[in-house]
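# Remarks on the overall topology
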Amino acid sequence: MIDAREIELSAVEWATVARALADRRGAVGGDGLLLLGKSLRSCDFSMAMFNSDGSEAETCLNGLRCVARMGFEALGIDQARVALKTSEALVERVPELAPGVYSVLETAGPASLDVAAWPMVGEAAPLVERAIPRLPGERRFTAVAMPNPHLVAFVEAVDEDELVRVGEVCEAAPDWLPNRANVSFVEVRGNALFVRTFERGVGLTDSCGSAMAASTYAACLTGRIGWDRETVVLNRGGMVRARAGEDAMVSIAGNATYEWTGSVTVDLGSGTAGDLVIEAWRNDEIAAWGAVADEAAWG
Ligand SMILES: N[C@@H](CCC[C@H](N)C(=O)O)C(=O)O
């Protein structure tokens, strides 16, 4: 995550920075790059998100909580309207979900069922628990845009190999799905959901906030959980508390944990990053969040 309010780079140059910094064989490594940007469209600040392959996503809801924290701390505020690539979201600092865990409530949406806008050619909207014959396997999917595109399938038990097979078909950007899609398999565990996601532009990730939002909305839409009911959503990285309304707005309360701050130089010509210099580790925050993640016992 970079405070980019005073950095003038084109989207193509930021894509180069994202590929260099997110490369897991390189100096930093990550699922992607988040940018805190200047105020836009009368919002307090803006956010941009680039996946590790350099593609720019419409949103990133785990990332939004982190960018919100950076914006709050930079501007001395504790709630804000944030401009995203094609939408806006509300963020607010809330009481710690657990001791020592900086916590943010974000509200995004409206979730959309309009697959024609992705586009997904040849599938009529709404696509709710329907088979998609062009995908491998027998799963029934619900298509939700947050506004980034998500395919959600409710399963008895997540089969990661199958998830990767489906994700890779979408990742190849076939003619019928030129903008690809994030794909999630979701287990209903009592009153909670467990979400595993193959992300567009990244692959399997430990946690995807917009996928948790899309999954919560899909679970309400299909009667698995109640509208407006706070639901614990588990993932490989921990958990959030999510709530979807019939107005299609989805709220997520979760952590925004800093692990370290540091600096690194990226050569835009070669697209490579130099050595990372860590200025400060945030071991207290890492430990506080680690305790929550362990307790979430995602299985
Ligand atoms: N891969 C996504 C963007 C990243 C989403 C993110 N992990 C989240 O937390 O929401 C896309 O290309 O849509």
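Source: prediction; values computed, not measured.

### Focus: the overall build of the protein chain
A count of helical and extended segments in the protein chain gives 5 helices and 20 strands. Compactness check: the protein chain gives a C-alpha radius of gyration of 18 Å against a globular reference of 19 Å for 299 residues, within 12% of the reference. Along the first, second and third principal axes, the C-alpha atoms of the protein chain reach 50 × 45 × 40 Å. Taken over 299 residues, the protein chain has a buried fraction of 49%.

### Structural notes on the nonpolar core
Core analysis: the biggest nonpolar cluster contains 49 residues, and Met47, Leu64, Phe72 and Val91 have the highest contact counts within it. Tallying contributions element by element places helix H4 (residues 209-221) first for this core, with 8 residues. Split by domain, the residues of this core number at least three in each of domain 1 (2-106 + 259-284) and domain 2 (115-255). Beyond its immediate chain neighbours, meaning those up to four positions away, phenylalanine 72 contacts Phe45, Ile77, Asp78, Gln79, Ala80, Val91, Glu92, Arg93, Tyr102 and Val104. Formed by 21 residues, the second largest nonpolar core is a distinct cluster that contains Val115, Leu127, Val155 and Val166.

### A short note on the side chain of serine 210
Within the fold, serine 210 resides in helix H4. Residues within four places of serine 210 in sequence aside, it is in contact with Thr59, Leu61, Met146, Asn148 and His150.

### Details of the site of the ligand
Surrounding the ligand, one finds 14 residues, the nearest of these being Asn51, Leu61, Arg200, Gly209 and Ser210. Take asparagine 148: an N or O atom from its side chain is 2.9 Å from an oxygen atom of the ligand. Within the contact set of the ligand, an oxygen atom lies 2.6 Å away from a side-chain nitrogen or oxygen of serine 210. Relative to its free-state accessible area of 360 Å², the ligand is covered by the protein chains to the extent of 98%. When residues of the shell around the ligand are traced back to their parent elements, those giving at least two are strand E3 (45-51), helix H2 (61-75) and H4. Per-class residue counts for the shell around the ligand are 5 nonpolar, 7 polar and 2 charged. When residues of the shell around the ligand are assigned to domains, at least three fall in each of domain 1 (2-106 + 259-284) and domain 2 (115-255).

Definitions and limits used
Residues numbered from 1 in each chain as written. Predicted model: local features only at pLDDT ≥ 70, side-chain atom pairs only at ≥ 80, totals over all residues. Heavy atoms only, no water. Helix = DSSP H or I, 4+ residues; strand = E, 2+ residues; numbered from the N terminus. Rg over C-alpha atoms; globule rule 2.2 N^0.38 Å. Buried < 20%, exposed > 50% of the residue type's maximum accessible area, 1.4 Å probe, protein only. Core = buried A, V, L, I, M, F, W, Y, C linked by side-chain atoms within 4.5 Å. Domains from an automatic or database assignment. Contact = heavy atoms within 4.5 Å. Near = heavy atom within 4 Å. Polar contact = N/O pair within 3.5 Å; in protein donor to acceptor, adjacent residues only side chain to side chain. Areas by Shrake-Rupley, 256 points an atom, 1.4 Å probe, with all protein chains shown as cover. Nonpolar A, V, L, I, M, F, W, Y, C, P; charged D, E, K, R; others polar.

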